[in-house]
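# Observations on the three-dimensional arrangement
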Amino acid sequence: MMSKPFSPDRETFAGWVHDALNRLYDSPHLEAHPLADLLVQGEGAGTGLRRSQQLRQALLKAIQGLRPAPGTPAQSPDWRAYRILEARYIEGLSPNEVMEQLGLARSQYFRDQARVLSTLTDLLWEQWQESRAALESEDMGRTREDLARAEAERLCAEATWEELNVTELLGELEAVVAPLAQASQVSLRFLLSEPLSFPNADRVMLRQAVLNLLTCGVDVAQGGHVEVRTFVEEGRRGVHITAWGRGLRRRLGELQERHRLGLEASARLIESLGGKLELHQVGDDGWEARLLWPTERPRVLLVVDDNEGFVALFRRYLAGHNWQVVGAGGGAEARKAIAETRPTVIVLDVMMPREDGWELLMALKAEEMTREIPVVVCSVLNEPQLALSLGATAYLAKPVTQQALLQVLSRWGRPGATQGPGR
């Protein structure tokens, strides 16, 4: 679920439409265009199209929607207005060239252009209003469980992977939870004697997961105390949150139901970070949450694909499987990511702009520093033999299922399996 876009007024919307039309074939400009937030929601889902392509298609479709019906006289104002849009924005002619082609005086041309642009903007505005109303109606019909799940999925999809000092993050959360603990007459203790950091994690995801657990712990401990500590044991490490409250056994079920959505969201976020959440009752008065991660470093999967949605899909597929997924949109980004992360495996798309996957595969296999990194070619093209002949280790056909991905990666997941160079 995407965050809600800014809602423009009619004048701002019109300005966005004019700007997008004037740069209809400038993909980098359209990729970040605010109009895309309004017109491409739900458009092209599952097609692999970039935002710029989806926005361009939406604008072209709207222009085609103004094409006069068969039988309309060729010299009619409707045909003249449509031809102005077609020649000016689809064919890319200048105003003077359009005037000459249609035999229009300057004043007539600009009057007709203003009229048809206003009509086109009205059409797109109405489409957006209908789409927004449908989305709002859909949100109203969703359960709280659906909305909570969607928010957790959004955080996972928009994750930013970086080195994270977990001990420092917990120290920041102590100040956030302290007022709530004081209001609930709960003694709050953070015992962070074991330094804990992750080489690659998303700060917001972990922060939200821990915060949900802390607020539950404070509620559980009413009048008691909550203790948070970091730990490193043989084979695993993590965070231990314990809440003690008198008479807890009688009301634990009610309390956990009250915080069910937050606990489920925490479990989902922690799993996406490669960990696991365990919840236990401790005696008659205690409750604990254990956030556990394996001590071994996660294997790194570099996904080279110019479709960001494909990278996000792989992150969802590999959540909880001790794989860190790094994305690269092309050859230059891939080379930088390889130097920084030394990936265990590379998944490589074939059909990419500027440098296609075959070129990049050959370059990787020609370089001493990269030739030993396993490469899995992943494409809609049915070329497994070509991929293997050029040095690929395996081939995946798009669309990729989770089962197919896990099966291909299983050879690097067994104990003692090769982890790739530099691991």
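Shown above is the structure to which this text applies.
Overview of the structure. (Residues numbered from 1 in each chain as written. Predicted model: local features only at pLDDT ≥ 70, side-chain atom pairs only at ≥ 80, totals over all residues. Heavy atoms only, no water.)

### A short note on the sheet that holds strand S7 (residues 286–294)
The strand order S2-S4-S5-S7-S6 describes an open sheet built from five strands, whose pairing is mixed. Lying at the two open borders of the sheet, with one neighbouring strand each, are strand S2 (187–191) and strand S6 (276–282). Recorded for the sheet is a direction-independent mean angle of 15° between the axes of neighbouring strands. Judged from the seven bridges that link them, S6 and S7 form a sheet pairing that is antiparallel. Considered in S7, the bridge of His 280 is made with Glu 288. On top of the sheet, helix H9 (residues 166–183) reaches S2, strand S4 (225–233) and strand S5 (236–244); it is set at about 175° to S2, its chief contact. Taken strand by strand, helix H12 (residues 260–272) contacts S6 and S7, and its axis lies near 140° from that of S6. (Pairing = 2+ DSSP bridges. Helix = DSSP H or I, 4+ residues; strand = E, 2+ residues; numbered from the N terminus. Axes fitted to C-alpha atoms, helices over the stretch in contact; angles between N-to-C directions. Contact = heavy atoms within 4.5 Å.)

### As for helix H15 (residues 357–366)
All of the buried residues in H15 are Gly 357, Trp 358, Leu 360, Leu 361 and Leu 364. Around the axis of H15, the buried residues are gathered within 165° of arc, so they sit on the same side. The elements touched by buried residues of H15 are strand S8 (299–304), helix H14 (331–341), strand S10 (345–348), strand S11 (375–379) and helix H16 (384–389). (Buried < 20%, exposed > 50% of the residue type's maximum accessible area, 1.4 Å probe, protein only. Arc of directions from axis to C-beta.)

### Observations concerning the sheet that holds strand S9 (residues 323–328)
Hydrogen bonds along the backbone pair up the strands of a sheet, which may run parallel or antiparallel. The sheet built from five strands is open, its strands ordered S9-S8-S10-S11-S12 with parallel pairing. Looking at the sheet topology across the chains shown, the edges are occupied by S9 and strand S12 (394–397). Neighbour to neighbour, the strand axes of the sheet diverge by 20° on average, direction disregarded. Both S10 and S11 contribute to a ladder of three bridges, which runs parallel. Among the inter-strand pairings, Val 347 is bridged to a residue of S11, identified as Val 376.

### With respect to the pairing of S2
Only one face of S2 is covered, namely the one carrying Leu 188 and Phe 190; the face carrying Ser 187, Arg 189 and Leu 191 has none of its residues buried. Examined bridge by bridge, S2 and S4 share five bridges and lie parallel to one another. Considered in S4, the bridge of Phe 190 is made with Val 228.

### Some points on the environment of Trp 244
Residue position: Trp 244 is located in strand S5. Using a relative accessible area of 31% as the deciding quantity, one classes Trp 244 as partly exposed. Sequence separation between Trp 244 and Asp 284 is 40 residues, and the spatial gap between their C-alpha atoms is 9.2 Å.

### A short note on the side chain of Thr 121
You can see Thr 121 is positioned in helix H7 (residues 106–141). Residue Thr 121 is classed as buried on the basis of its relative accessible area, which comes to 1%. Non-local contacts of Thr 121, meaning those with residues more than four positions away in its chain, are made with Arg 10, Phe 13, Ala 14, Val 17 and His 18.

### Quick notes on the nonpolar core
By size, the foremost hydrophobic cluster in this structure holds 42 residues, and its most contacted members are Val 226, Ile 241 and Leu 291. In terms of residue count, the dominant contributor to this core is helix H10 (residues 203–220) (10 residues). Excluding residues within four positions of it along the chain, Ile 241 makes contact with Val 210, Leu 213, Leu 214, Val 226, Glu 227, Val 228, Trp 287, Glu 288, Ala 289 and Leu 291. (Core = buried A, V, L, I, M, F, W, Y, C linked by side-chain atoms within 4.5 Å.)

### Here's the deal with the packing of aromatic side chains
Applying the stated criterion across every chain yields a total of eight aromatic pairs. An angle of 10° between the planes, with centres 5.9 Å apart, marks the rings of Phe 13 and Trp 128 as stacked. Residue Phe 13 is located in helix H1 (residues 10–22), and its partner Trp 128 is located in helix H7; the two are separated by 115 residues in the primary sequence. Under the relative-accessibility criterion, Phe 13 is labelled buried at 0%. Between Trp 79 and Tyr 82, the ring centres sit 5.8 Å apart and the planes meet at 80°, which makes this aromatic pair edge-to-face. Highlighted residues: Trp 79 and Tyr 82, both in helix H5 (residues 77–90), separated by three residues, approximately one helical turn. Residue Trp 79 is classed as buried on the basis of its relative accessible area of 18%. Given a relative accessible area of 1%, Tyr 82 falls into the buried group. One aromatic cluster is present, formed by Phe 13, Trp 125 and Trp 128 through successive ring pairs. Its end group placed over the ring of Phe 231, Arg 290 keeps NZ or CZ at 4.9 Å from the ring centre. Between the NZ or CZ atom of Lys 398 and the centre of the ring of Phe 310, over which it lies, the distance is 4.3 Å. (Phe/Tyr/Trp six-rings, centres within 6.5 Å; stacked < 30°, edge-to-face > 60°. Lys NZ or Arg CZ within 6 Å of the ring centre and 35° of its normal.)

By themselves, these figures tell us nothing about what the structure is for.
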